[in-house]
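Residue-level structural notes
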There are 4 protein chains.
Amino acid sequence: MKDLKDTQNELDTRQISIDRVGVRGIKFPIVVRDKQNCPQSTVATVALMVDLPKEFKGTHMSRFVEALHGHRRYLDVHSAIQLPKTLLRRFDAQRARIELEFPFFLMKKAPVTGIEGIMDYNVRFEIDAKRGEAGDFTLTLQVPVTTLCPCSKAMSERGAHNQRGVVTYAVKFAGEAIWLEDLISLIEGCASCELYSLLKRPDEKYVTDVAYDHPVFVEDLVRNVAVATEGYKAFKWYRVEAENFESIHNHNAYAMIERDLEGTEK
Amino acid sequence: MKDLKDTQNELDTRQISIDRVGVRGIKFPIVVRDKQNCPQSTVATVALMVDLPKEFKGTHMSRFVEALHGHRRYLDVHSAIQLPKTLLRRFDAQRARIELEFPFFLMKKAPVTGIEGIMDYNVRFEIDAKRGEAGDFTLTLQVPVTTLCPCSKAMSERGAHNQRGVVTYAVKFAGEAIWLEDLISLIEGCASCELYSLLKRPDEKYVTDVAYDHPVFVEDLVRNVAVATEGYKAFKWYRVEAENFESIHNHNAYAMIERDLEGTEK
Amino acid sequence: MKDLKDTQNELDTRQISIDRVGVRGIKFPIVVRDKQNCPQSTVATVALMVDLPKEFKGTHMSRFVEALHGHRRYLDVHSAIQLPKTLLRRFDAQRARIELEFPFFLMKKAPVTGIEGIMDYNVRFEIDAKRGEAGDFTLTLQVPVTTLCPCSKAMSERGAHNQRGVVTYAVKFAGEAIWLEDLISLIEGCASCELYSLLKRPDEKYVTDVAYDHPVFVEDLVRNVAVATEGYKAFKWYRVEAENFESIHNHNAYAMIERDLEGTEK
Amino acid sequence: MKDLKDTQNELDTRQISIDRVGVRGIKFPIVVRDKQNCPQSTVATVALMVDLPKEFKGTHMSRFVEALHGHRRYLDVHSAIQLPKTLLRRFDAQRARIELEFPFFLMKKAPVTGIEGIMDYNVRFEIDAKRGEAGDFTLTLQVPVTTLCPCSKAMSERGAHNQRGVVTYAVKFAGEAIWLEDLISLIEGCASCELYSLLKRPDEKYVTDVAYDHPVFVEDLVRNVAVATEGYKAFKWYRVEAENFESIHNHNAYAMIERDLEGTEK
């Protein structure tokens, strides 16, 4: 019988190092902690990667899954940052990267009746670690909002086209991470109106009126978020994208602002 | 050397016939013909299937792809109906089924300026054939529209929430097939307003006003389509679904009506 | 000021009842119970619908979301069945329907080393309730598997093409519901080999050999599942579909068997 | 009556320029030219964007759609490069960007029988233009392939797990663009075997044997493509990613190499 040859450990002669190698598309139940310090159960899609020096033919894929399981399921901002460090050690690697994407839930009160409903937001963590250096953490948040068209409002005596849009907001923190709840508020305050899962009639009248009174183009939306972000003094980089699922077209309006704030005075 | 054993032709002893076996997810360039008799090039996703009697272990998958290629690329309503018949012959089958899904394009004039732009609609053909019987053809059409909420309009002095919605409309014809263009018009006439790819400022004012003056719930939308469909006397079955990507929620409103018209007086 | 008109309660004159109206695409954290009676947290995508008599212009969409929240988050087979009954009462409806779709997780031991890893499966509940009747429950389960081609094996002296496939398995129970774990085992036993999230080298050798020794066409896979299902005497209806992401083509092989077992002798 | 106010032309006081603003998700029928100089009809998903100086409140979204229509439908490498230049002029912009994504079709002969079938590949053009500078063109190509695991082959006496994988290959040309057909060949030659849409029995035996005789990890696949790419002397930058839809797991193996070749000796 053949013995179980470790093909991955063979010498590779092509002299080409690999930037990232690993596993993707793992569904994994995780627990994140919210601002009230309550644990929240959700489901993440996970990718785990390391670099591979030019001498080695292959990595050991099963070790990624072992490292993920080893972390148990608490994978919020503070514990997730440990996972790439575990990979560095485990694989004797120079660089490691993890990506986590999951829905985050928030109990929200309707604006007039105060009735509660659960809203969902997409969250993505990208964490890069280098041997001997601090890790690099990028947080991306997708926040759905209402946008009402200023041009349509200005031209029409009655009504204005409006629609669901989504803000994709990516940040790198200058210091401490900010709670997801606070970032969500920052973004929701920049749109024509925020969304709710549960609205009774007085609430629906309220959000209709608020949106009509706060028209924004996609351009306004990304600029409002940029102003709020730069005022916060908490970030070293951000990129904000807005995409409107136009109610008058079968395509979308889009705007994007990206800024490196490291050179700027704080 | 082994000879190339025809495993599929072996006898199967489990005594279980298979309802459908074949291939799915084939991307294939096709040409459809529009109402002006112009050929229109597009790309379909194709599935081809036959039944398999209990005696046979397997079908011959390559023959499906050969049959598809044999049809060249003209696959509109009239020629597509031949494809399952080819499968019946080719496989000596009792039942055959094809599914084709593709974007269909329509040049549309903006309502005020008359400027032209191309709109796209999703179309799906499902054609079932039985040995010795006429085929059964189901056409499904997805038409994006504007919907403006009657309740929001009634409650607010200014504006009303509106959004993009999509009508999924499936029909079986009683006699001759109806042109896609006519079915699209039928559906677009039932919404708050139709969509355009290209609107200049006077057009945008127009669609804003038209939508405000024609508020519809998803319930109204499917009922309007039901009334128009039943008035047409051309169908033996239909199902109409409407889904609104609500601009005030992160979930969708939905309604569906399905009717068998065969017993009804024409 | 206008009062908050209840537009939905207005009389409708089109004389067309609506089969289903409600909400879709709600993301909602739920807890399901597994065979060991352990609660498992996951995230569902939810739809909730009722019928609407011809007299009423619209339904009250917010009540669906309230009903969902009212059920807290325990939504396994036994408690989910209560939700459409709540809708019947709440809406004074004749028919109600809910759809829940979520990933279900199972801790699985690798076949040789016994090392544990989490596998995920897609689960879907469709529950229909009619006033004064027992509800109708359809469970759909998606199980990814390995399939190895018998024809490729028979022709080649060395190796055989194999690939990931997915079995989509829908059942209606004749009596008591069967645990998801048992249904997953039933299906995994019908493929060339089952999948694992974590395999060490001896495990990988094992699954390679097992798959090679158990070649199945998509046709074999659905027939194997059909035989196992009919032997179980626990179902009144089933439909099994297999789709192979062929490693030699850019399209998929597909087979389907559907049977009504109610007339059959048990 | 209000006149049709040009809200977009209003002065903006937030002092924030926008990196990109435009439209996305437009489905548009296009014609590309292949190596034999034959026109090929396909369907693209299109995005069109420009920058917006800090003084302007909004852009004019309809002009993007007009510019797209103005180009008729010939949008291969050579004509697509004109489209962002048109945007620069039309919008008096400093920067413009277009993104086009479409399936590209290739008639391929089966390796033994020579029978012909159509294969599809995903293609993406990203073209950036700056006022007064040459444009920057990034071509991305997705090529599905067979990969057979060297470790599984080495350990097992019989067979080896294999699967469909996809290579995502992005390049910037140093000089002339290379035909898609040649890039596809380059990539297909680096895998265990290439894919076909139509294979008869002798062809299936052939591809089974070829894959078994050319095992590759994802690591080997990206290194093979890297070696072939660097040998070509035609590129100033490339990134190659491979993702295997593992037949033994429900997650994917992944590898990536990215290189800037501009400083390197040609």
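Residues numbered from 1 in each chain as written. Chains lettered and ligands numbered in written order. Predicted model: local features only at pLDDT ≥ 70, side-chain atom pairs only at ≥ 80, totals over all residues. Heavy atoms only, no water.

**So, the domain arrangement of chain A**
Residues and elements named next belong to chain A. The condition is simple: Domain start and end points were adopted from an automatic or database domain assignment. Between two residues, a contact is recorded if the distance between any of their heavy atoms is within 4.5 Å. Should a side-chain nitrogen of Lys or Arg be within 4 Å of a carboxyl oxygen of Asp or Glu, the pair is scored as a salt bridge. For this analysis, a polar contact is any N or O atom pair within 3.5 Å, provided that within protein one partner can donate a hydrogen and the other can accept it, and provided that sequence-adjacent residues contribute only side-chain to side-chain pairs. By the convention adopted, Pro, Cys, Tyr, Trp, Phe, Met, Ile, Leu, Val and Ala count as nonpolar, Lys, Arg, Asp and Glu as charged, and the other residues, Gly among them, as polar.
When its domains are assigned, chain A resolves into domain 1 (20-100) and domain 2 (135-266). Computed from C-alpha atoms alone, the centre-to-centre distance between domain 1 and domain 2 is 30 Å. With 5 residues of domain 1 at the interface, the matching set in domain 2 holds 5 residues. Linking domain 1 with domain 2 are 1 salt bridge, by the criterion used here. Across the pair Asp 182 and Lys 35 runs a salt bridge whose closest N-O atoms are separated by 2.8 Å. Remark: the boundary between domain 1 and domain 2 carries 2 residue pairs in polar contact (both at pLDDT 80 or more). Classifying every residue of the side of domain 1 that touches domain 2 gives 2 nonpolar, no polar and 3 charged.

**Brief notes about the state of the cysteines**
Any covalent bond linking the sulfur atoms of two cysteines counts as a disulfide. Residues and elements named next belong to chain D. Stated precisely, the cut-off is as follows: Cysteine sulfurs are considered disulfide-paired once they come within 2.5 Å of each other. Whether a residue is buried, partly exposed or exposed follows from its accessible area with a 1.4 Å probe, protein chains only, as a fraction of its type maximum: under 20%, in between, or over 50%, in that order.
Under the counting rule described, the total for this entry stands at 0 disulfides over all chains. The structure places no disulfide on Cys 151, whose sulfur is separated from the nearest cysteine sulfur, that of Cys 149, by 5.1 Å. Relative accessible area serves as the criterion here: at 1%, Cys 151 is assigned to the buried category.

**Description of the environment of Ser 247 of chain D**
The cut-off we apply is this: Counting from the N terminus, the helices are DSSP H or I runs at least four residues long and the strands are E runs at least two residues long.
Summarising the element assignment, Ser 247 of chain D is placed in the loop between β8 (235-244) and β9 (252-260). Residue class for Ser 247 of chain D comes out buried when judged on its relative accessible area of 0%. Sequence-distant contacts of Ser 247 of chain D, that is, excluding residues within four places in its chain, are made with Thr 146, Asn 162, Gln 163, Arg 164 and Leu 195 of chain C together with His 161, Asn 162 and Gln 163 of chain D. Among the polar contacts made by the side chain of Ser 247 of chain D, one reaches the side chain of Asn 162 of chain C at a distance of 3.2 Å.

**So, the relation of the copies chain A and chain B**
The operation linking the two copies of the chain is a rotation about an axis combined with a translation along the axis. We count it as follows: A least-squares fit on C-alpha atoms brings the copies together, and the residues used are those whose pLDDT is at least 70 in both copies.
Here chain A sits on chain B after a turn of 180° about the axis and a move of 0.0 Å along it, with an RMSD of 0.0 Å. Given the turn and translation reported, the copies of this chain are related as if by a two-fold rotation axis. When C-alpha positions in chain A are compared against the rotation axis, the closest is assigned to Gly 159 of chain A, at 1.9 Å. A share of 100% of interface residues in chain A that are also interface residues in chain B marks the association as one of identical surfaces.

**Examining the interface of chain A and chain D**
How we decide: Summed over both partners, buried area is the accessible surface (1.4 Å probe) that two parts give up on being assembled.
Facing the 57 residues of chain A at the interface are 57 residues of chain D. On the chain A side of the contact with chain D, Arg 24, Arg 223 and Tyr 254 of chain A bury the most area, a combined 17% of that side's loss. One can count 8 salt bridges joining chain A with chain D. Measuring nitrogen to oxygen at the nearest pair gives 2.6 Å for the salt bridge that ties Asp 220 of chain D to Arg 14 of chain A. Viewed at the interface, chain D and chain A are joined by 32 residue pairs in polar contact (both at pLDDT 80 or more). For the side of chain A that touches chain D, the elements supplying multiple residues, two or more each, are β1 (18-33), β2 (39-52), α1 (61-70), α4 (150-155), α7 (218-232), β8 (235-244) and β9 (252-260) of chain A. Residue composition of the side of chain A that touches chain D, grouped by class: 27 nonpolar, 12 polar and 18 charged.

**Remarks on the nonpolar core**
Definition in use: Buried Ala, Val, Leu, Ile, Met, Phe, Trp, Tyr and Cys residues that are joined via side-chain atoms within 4.5 Å together make up what is termed a nonpolar core.
The biggest cluster of nonpolar side chains holds 289 residues, and the ones touching the most others in it are Tyr 169 of chain A, Tyr 169 of chain B, Phe 125 and Tyr 169 of chain C together with Tyr 169 of chain D. Tyr 169 of chain D has contacts with Leu 139, Thr 140, Leu 141, Leu 183, Leu 186, Ile 187, Val 225, Thr 229, Phe 235, Arg 239 and Val 240 of chain D, leaving out every residue within four places of it along the chain.

**A closer look at helix α6 (residues 201-213) of chain D**
In plain terms, the rule: Given a helix with a known number of residues, its expected span is that number minus one, times 1.5 Å.
Taking 1.5 Å of rise per residue, the 13 residues of α6 of chain D would be expected to cover 18 Å, and the 19 Å separating its terminal C-alpha atoms lies within 8% of that figure. Within α6 of chain D, burial applies to Asp 203, Glu 204, Lys 205, Val 207, Thr 208, Asp 209, Val 210, Ala 211 and Tyr 212 of chain D. Residues of α6 of chain D that are buried make contact with α4 (150-155) of chain C together with β5 (136-148), α4 (150-155) and β7 (193-194) of chain D.

**Here's the deal with the interface of chain A and chain B**
Taken together, the contact pairs 37 residues of chain A with 37 residues of chain B. Approximately 3,200 Å² of surface area, both sides summed, lies buried where chain A meets chain B, with 49% of it carried by carbon and sulfur atoms. Where chain A meets chain B, there are 4 salt bridges. Where chain A meets chain B, there are 31 residue pairs in polar contact (both at pLDDT 80 or more).

**Observations regarding the relation of the copies chain A and chain D**
The transformation that overlays chain A on chain D combines an axial shift of 0.0 Å with a rotation of 180°, and the residual RMSD is 0.0 Å. Interface overlap between copies is the fraction of interface residues in one copy that are interface residues in the other; for chain A against chain D it reaches 100%, indicating a shared surface.

**Here's the deal with unusual backbone geometry**
Outside of glycine, negative phi angles account for most residues, and trans bonds account for most peptide bonds. Its identity as a non-glycine residue notwithstanding, Asp 92 of chain A has a phi of 50°, on the positive side. Counting through the fold element by element, Asp 92 of chain A comes out in the loop between α3 (82-91) and β3 (95-109). Judged by its relative accessible area of 60%, Asp 92 of chain A falls in the exposed class. The phi dihedral of Asn 37 of chain B is positive, around 65°, even though this residue is not glycine. Structurally, Asn 37 of chain B can be placed in the loop between β1 (18-33) and β2 (39-52).

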